[in-house]
Amino acid sequence: NWNVAANWLPAAVPTAIDTAVIDLAGTYTVTMNVNPTIAALRISGAASGVQPVSGSARTLALPNASSIGEQGVLTLASSTVNGAGAITNLGTMNLTATSVAQALTNSGTLVVGAGSSSLSGAFSNSNGAMFRVTGAGGTSTCTIANGFTNAGAIELTSSGGGFGATLNV
């Protein structure tokens, strides 16, 4: 769990002046069981394993630039990400009924699942990146408030029960 001091080095839960770095080798999940306000988030992705961070019904405040490395996974449901810090995704971001207020550059895989999600900062889908809006498990809508730059792939999918996938720009 995010709020357990012993899970961090040094042994203290990250605060508004700290960059939370998740880079320990191995496969494990960091459960965001609080609403963190941190200077930045860096899910570096270690040389081995997968390092997912997940949260549900959370608010994540990121005033400075943050990143998700190639082995990193950020999964948020019914959550809000805000702050001035741009986010660079080289790994995987899974958003379900989640809003992201700041600039987001997707150079990995961005999956928007069931519910209504929004990207209200500048958005760029880089060359080789995948931006997927999927209707699996429920109707999915992603609204991008300010247009976006796309050099990668965009995929709208619907499966099981005929749930739709909508991209509003």
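Residues numbered from 1 in each chain as written. Predicted model: local features only at pLDDT ≥ 70, side-chain atom pairs only at ≥ 80, totals over all residues. Heavy atoms only, no water.

Caption draft 1: How the structure looks around the overall build of the chain. The secondary structure content of the chain amounts to zero helices and 20 strands. Over its C-alpha atoms the chain spans a radius of gyration of 15 Å, differing by no more than 12% from the 15 Å that the globule rule assigns to 169 residues. Based on the C-alpha atoms only, the size of the chain along its principal axes is roughly 45 × 30 × 30 Å. Counting only residues that meet the buried cut, the chain has 38% of its 169 residues in that class. Pairs at least 24 apart in sequence give 31% of the contacts found in the chain among residues at least 6 apart. (Helix = DSSP H or I, 4+ residues; strand = E, 2+ residues; numbered from the N terminus. Rg over C-alpha atoms; globule rule 2.2 N^0.38 Å. Buried < 20%, exposed > 50% of the residue type's maximum accessible area, 1.4 Å probe, protein only. Contact = heavy atoms within 4.5 Å.)

Caption draft 2: Inspection of the packing of aromatic side chains at higher detail. Tallied over the entire structure, the rule returns four aromatic pairs. Note on Trp2 and Trp8: the rings are 5.0 Å apart at their centroids and 70° apart in plane angle, and the pair reads as edge-to-face. The exposure classification of Trp2 matches that of Trp8, with both residues buried. Plain terms: the ring middles of Phe131 and Phe148 are 6.5 Å apart, the flat faces sit at 80° to each other, and that makes the pair edge-to-face. Separated by 17 residues along the polypeptide, Phe131 in strand β16 (residues 130-134) and Phe148 in strand β18 (residues 148-150) bring together distant segments of the chain. The rings of Phe123, Phe131 and Phe148 are connected pair by pair, giving a single aromatic cluster. (Phe/Tyr/Trp six-rings, centres within 6.5 Å; stacked < 30°, edge-to-face > 60°.)

Caption draft 3: Up close: the nonpolar core. Counting 30 residues, the largest nonpolar core has Trp2, Leu41 and Leu119 as its most contacted members. Of all elements in the fold, only β1 (19-22), β2 (30-32), β3 (40-43), β7 (72-77), β10 (92-96), β13 (109-112), β16 and β17 (140-144) reach the threshold of two or more residues within this core. (Core = buried A, V, L, I, M, F, W, Y, C linked by side-chain atoms within 4.5 Å.)

Caption draft 4: Just the sheet that holds strand β4 (residues 51-56), in detail. If you trace the seven strands from one edge of the open sheet to the other, you get β2-β4-β7-β10-β13-β16-β19, paired in parallel fashion. Two strands bound the open sheet, and with one partner strand each, they are β2 and β19 (153-157). Strand after strand, the sheet turns through a mean of 10° between neighbouring axes, direction not considered. In terms of strand pairing, β10 meets β13 through four bridges, oriented parallel. Residue pairing in the sheet places Asn94 in a bridge with Val111 of β13. (Pairing = 2+ DSSP bridges. Axes fitted to C-alpha atoms, helices over the stretch in contact; angles between N-to-C directions.)

Caption draft 5: Structural context of the sheet that holds strand β12 (residues 104-106). Reading across from one edge, β1-β3-β6-β9-β12-β15-β18 is the order of the seven strands in this open sheet, with parallel pairing throughout. Bordering the open sheet on either side are β1 and β18, each of which pairs with just one other strand. Averaged over all neighbouring strand pairs, the angle between strand axes comes to 10°, with direction disregarded. In terms of strand pairing, β3 meets strand β6 (residues 66-68) through two bridges, oriented parallel. Within β6, the position partnered with Ile43 by the bridge is Ile68.

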